[in-house]
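Given next are the chains, with one letter for each unit.
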Amino acid sequence: MDAERLIAISRKDLAESRAVPEVMASAWRAQCLAQAVGDHLALFGPQELRGEARGLGETGGRGVAGAGLPARRPGAATASRLSEVLDLRGALEALGGLLAEVGMALVGVACGTDEESLYWQCIEGIDAADEAGDRVRVMLRRLPEPDRARPPERAAVTGPADSAAGA
């Protein structure tokens, strides 16, 4: 599934989360998705973005490694559905927006809790979302500016299964 579609699903999921456990689960799913996008771009993205993409994958992984989380990371199944990045700039811009929303949601949870372990999970998640957002902004700066006179090209950044299938 395309990155932008998965990011839109994640943003909707986060926006509809009301209770603390729902917000936390949505935040961790978004971090898993950031990790998946980073890992995908590190393997199949443009050469000039691969270093930052690797960093994004590592940062996203750190954001879901909070204490008290189940061994099987929530959201891994959603993130594993990532198969392509059809519009690299659009996906990175959307991911940056999602990461900012994750940070704000976690600030809200951290400010409203008296539970110390939950507070520190939120702080770790906020730090990871902020660092991942920084990596996304660096990648966006490294992309060439689109030529406004031409319609945008939609070159997909796909994995080996997609290219073998003739995509």
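Shown above is the structure to which this text applies.
Right, let's walk through the structure included here. (Residues numbered from 1 in each chain as written. Predicted model: local features only at pLDDT ≥ 70, side-chain atom pairs only at ≥ 80, totals over all residues. Heavy atoms only, no water.)

1. A few points about the overall build of the chain
When helices and strands are tallied, the chain shows seven helices and two strands. When the helices and strands of the chain are read in sequence order from the N terminus, they spell out α-α-α-α-β-α-α-β-α. Pairs at least 24 residues apart make up 80% of the contacts formed inside the chain by residues separated by at least 6 positions. By element, 54% of the accessible surface of the chain is carried by carbon and sulfur atoms, the whole surface being about 8,700 Å². (Helix = DSSP H or I, 4+ residues; strand = E, 2+ residues; numbered from the N terminus. Contact = heavy atoms within 4.5 Å. Areas by Shrake-Rupley, 256 points an atom, 1.4 Å probe, with all protein chains shown as cover.)

2. Considerations on the packing of aromatic side chains
Taken as a whole and assessed by the stated rule, the structure comprises one aromatic pair. Ring plane angle 85° and centroid distance 5.0 Å describe the contact between Y119 and W120, whose orientation is recorded as edge-to-face. By relative accessible area, Y119 is classed as partly exposed at 32%. The partly exposed category is assigned to W120, whose relative accessible area is 47%. (Phe/Tyr/Trp six-rings, centres within 6.5 Å; stacked < 30°, edge-to-face > 60°. Buried < 20%, exposed > 50% of the residue type's maximum accessible area, 1.4 Å probe, protein only.)

3. A closer look at the packing of helix α2 (residues 20–44) against helix α6 (residues 116–142)
Two elements in contact, α2 and α6, have axes separated by 11 Å at closest approach and are oriented at 35°. Judged by the twist between their axes, the crossing of α2 over α6 is left-handed. Residues V20, M24, W28, Q31 and L41 of α2 form the contact with α6, whose participating residues are L118, Q121, C122, G125, A128, A129 and M139. Among the residues making up the contact of α2 with α6, the classes are represented as nine nonpolar, three polar and no charged. (Axes fitted to C-alpha atoms, helices over the stretch in contact; angles between N-to-C directions. Left-handed = near helix turned anticlockwise from the far one by under 90°. Nonpolar A, V, L, I, M, F, W, Y, C, P; charged D, E, K, R; others polar.)

4. Thoughts on the side chain of R89
Within the secondary structure, R89 is located in helix α5 (residues 88–111). No salt bridge is formed by the buried R89; the nearest opposite charge belongs to E93, separated by 4.4 Å. With near-sequence residues (within four places) excluded, R89 lies in contact with L140, L143, P144, E145 and P146. (Lys, Arg positive; Asp, Glu negative; His and termini not counted. Salt bridge = Lys/Arg side-chain N within 4 Å of Asp/Glu carboxyl O.)

5. What about the environment of G45?
Locating G45 in the fold gives a position in the loop between α2 and α3 (50–63). Here the alpha-carbon distance between G45 and V85, two residues 40 residues apart in the chain, equals 8.8 Å.

6. Overview of the nonpolar core
Note on soluble globular proteins: their nonpolar side chains tend to be buried together. The biggest cluster of nonpolar side chains holds 42 residues, and the ones touching the most others in it are L41, L92, L95, L98, V102, V136 and M139. At the level of elements, α1 (3–16), α2, α3, α5 and α6 are the ones that each hand at least two residues to this core. Counting residues per element, this core draws most heavily on α2, which supplies twelve residues. (Core = buried A, V, L, I, M, F, W, Y, C linked by side-chain atoms within 4.5 Å.)

7. As for the environment of P144
Locating P144 in the fold gives a position in the loop between α6 and β2 (157–158). Considered as a pair, P144 and R89 are 55 residues apart in the sequence and their alpha carbons are 9.6 Å apart.

8. Focus: the pattern of salt bridges
For the coordinates displayed, the defined rule picks out six salt bridges. Measuring nitrogen to oxygen at the nearest pair gives 2.6 Å for the salt bridge that ties D13 to R29. With a gap of 16 residues between them, D13 in helix α1 and R29 in helix α2 connect regions that are remote in the sequence. Look at D13 and you get partly exposed, because its relative accessible area is 24%. A relative accessible area of 23% places R29 in the partly exposed class. With a shortest N-O distance of 2.3 Å, R137 and D134 are connected by a salt bridge. In this pair, R137 and D134 both sit in helix α6, three residues apart, roughly one turn of the helix. In this structure R137 comes out as partly exposed when scored by relative accessible area, which is 40%. The class for D134 is partly exposed, based on a relative accessible area of 36%.

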